[in-house]
Every structure is written in structure tokens, then in C-alpha cells.
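Now for the letters of each chain:
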Amino acid sequence: MSLLRNVMKGKRAFKPSLRICLTLLGCLLLFVGCDDRPRVIIEGGTVPVFRLSGRGSIQVITVDGPDFENSINRGTGSRYMKPYWQIAPKTEYDLERLVELGEVVYGKVPEGFRQVFPENGAVPPPLLEDELCTFGLRIADGGAIGVRFHVHNGKAAVEQS
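Note that the coordinates shown come from a computational prediction; the quantities given were computed from them, not determined experimentally.

**Let's talk about the overall build of the protein**
Helix and strand content of the protein: two helices and nine strands. Walking the protein from its N terminus toward its C terminus, one meets helices and strands in the order α-β-β-β-β-α-β-β-β-β-β. By the burial criterion, 30% of the 161 residues in the protein qualify as buried. Carbon together with sulfur atoms contributes 57% to the accessible area of the protein, which is approximately 10600 Å² in total.

If you want it as C-alpha cells, here you go:
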């Protein structure tokens, strides 16, 4: 009989612990599901397409490529980088608005943006096969993302870290 009482006590002690665990698990899933940090998926080829998600007020979007004019450059993957294409919103612009447009195409300025570099609306240089490039997005609250990618066999591929 005392064994049965101990089991019953343990059962009662288990219920609050189970409730606490389930509550914590629910909170964790809620926070993970509400993750609105900026993210990018890079697709396409020598003219990559950037699919963005997340929230925040965009400051600038930049694509950098190798600086072949820098005399200190070494081989592929260890070159100095320079901006190839940079755009910024004309007025305050939330990332969610850009997400609704669907994608940002390299060299094509989305509505509501202006091209910062190259100046005077010049066409940005082409992205070359097997040369490292970076995509950068800066958000007004201090958030930012930077993704390294290259074009290989005509397709954009993200560098794995």
C-alpha cells in the first residue's frame, strides 16, 4: 500500500513538472516561429536573384565582388573586395514591402530604391564564374546580414561556413 502511495505522490509531482515543461516548450516554439530577422536566399546564375524575408527598415543593399585592380590581390577566394552594386531606399522602406515584391535581381533597381553604385545609373559589372562575391543587407536597428556566394557552372551557390 505504501508503494502505491509513493507512486501516486510521484504522479502528482509529475503533473506540475509536465505542465511547466509544456509551457516552456510552447513559449520556445512561439519565439522560434516569430523570428523576423532578415534572411536571404540566393538563386539564379551570373545575374543572381535575391529572395529576402524578415522585418526591419532597410538602409542599404550591397553586392561586392573581387577587386581585380588591387595589386595586392592573390588567387581566387583571397582577393580584396569592392562594391559592384549598391542600392538604398529613397525613403524609409520596410523589408516586408520588398518581400511582397518577391525578389531583387542583381543590377535591376526595385521600385522605391535608388542606385548608389555604380554612379549615374551605370550597369554594374558582371559576376564572373568561380569568383567569390558577397551580398549585404543593413537594417536601421543595427541588424545586418552578409552572405558569401559564387557563380559555378552558371548557377549561384552560397558558400557554406
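**Remarks on the packing of aromatic side chains**
By the definition in use, this model includes four aromatic pairs. Relative to Phe149, the ring of Phe50 has its centre 6.0 Å away and its plane inclined at 75°; by these criteria the two rings are edge-to-face. Of this pair, Phe50 sits in strand E2 (residues 48-53) while Phe149 sits in strand E8 (residues 144-152), and the two are 99 residues apart along the sequence. A single burial state applies to Phe50 and to Phe149, both of which are buried. One aromatic cluster in this structure is built from Phe50, Phe135 and Phe149.

**As for the sheet that holds strand E7 (residues 133-139)**
Strands sit in the order E6-E4-E3-E7-E8-E9 across an open sheet of six strands; the sheet is antiparallel. Two strands in the sheet have a free side with no partner beyond their single neighbour: strand E6 (113-117) and strand E9 (155-158). Between one strand axis and the next, the sheet turns through 25° on average, direction left out of account. Here E7 runs beside E8; their pairing, made up of six bridges, is antiparallel. When the sheet's bridge partners are listed, Leu137 is paired in E8 with Ile145.

**What about the sheet that holds E2?**
Strand order across the open sheet formed by three strands is E1-E2-E5, with antiparallel pairing between neighbours. Two strands lie at the open edges of the sheet, namely strand E1 (39-44) and strand E5 (104-105), each paired on one side alone. Bridge count for E2 against E5 is two bridges, and the pairing is antiparallel. Bridge pairing in E5 places Val49 opposite Val105.

**A closer look at the pattern of salt bridges**
In the structure shown here, the tally under the stated rule is four salt bridges. For Arg51, the salt bridge goes to Glu43, with nearest N and O atoms at 2.6 Å. Residue classification places Glu43 among the partly exposed positions, given a relative accessible area of 33%. Put simply, Lys82 and Glu69 hold a salt bridge, and the shortest N to O gap is 3.8 Å. In this pair, Lys82 is assigned in strand E4 (residues 81-89) and Glu69 in the loop between strand E3 (58-66) and E4, connecting sequence segments 13 residues apart. In the salt-bridge network here, residues are joined through shared partners; they are Glu43, Arg51 and Glu103.

What counts and what doesn't
- Residues numbered from 1 in each chain as written.
- Predicted model: local features only at pLDDT ≥ 70, side-chain atom pairs only at ≥ 80, totals over all residues.
- Heavy atoms only, no water.
- Helix = DSSP H or I, 4+ residues; strand = E, 2+ residues; numbered from the N terminus.
- Buried < 20%, exposed > 50% of the residue type's maximum accessible area, 1.4 Å probe, protein only.
- Areas by Shrake-Rupley, 256 points an atom, 1.4 Å probe, with all protein chains shown as cover.
- Phe/Tyr/Trp six-rings, centres within 6.5 Å; stacked < 30°, edge-to-face > 60°.
- Pairing = 2+ DSSP bridges.
- Axes fitted to C-alpha atoms, helices over the stretch in contact; angles between N-to-C directions.
- Salt bridge = Lys/Arg side-chain N within 4 Å of Asp/Glu carboxyl O.

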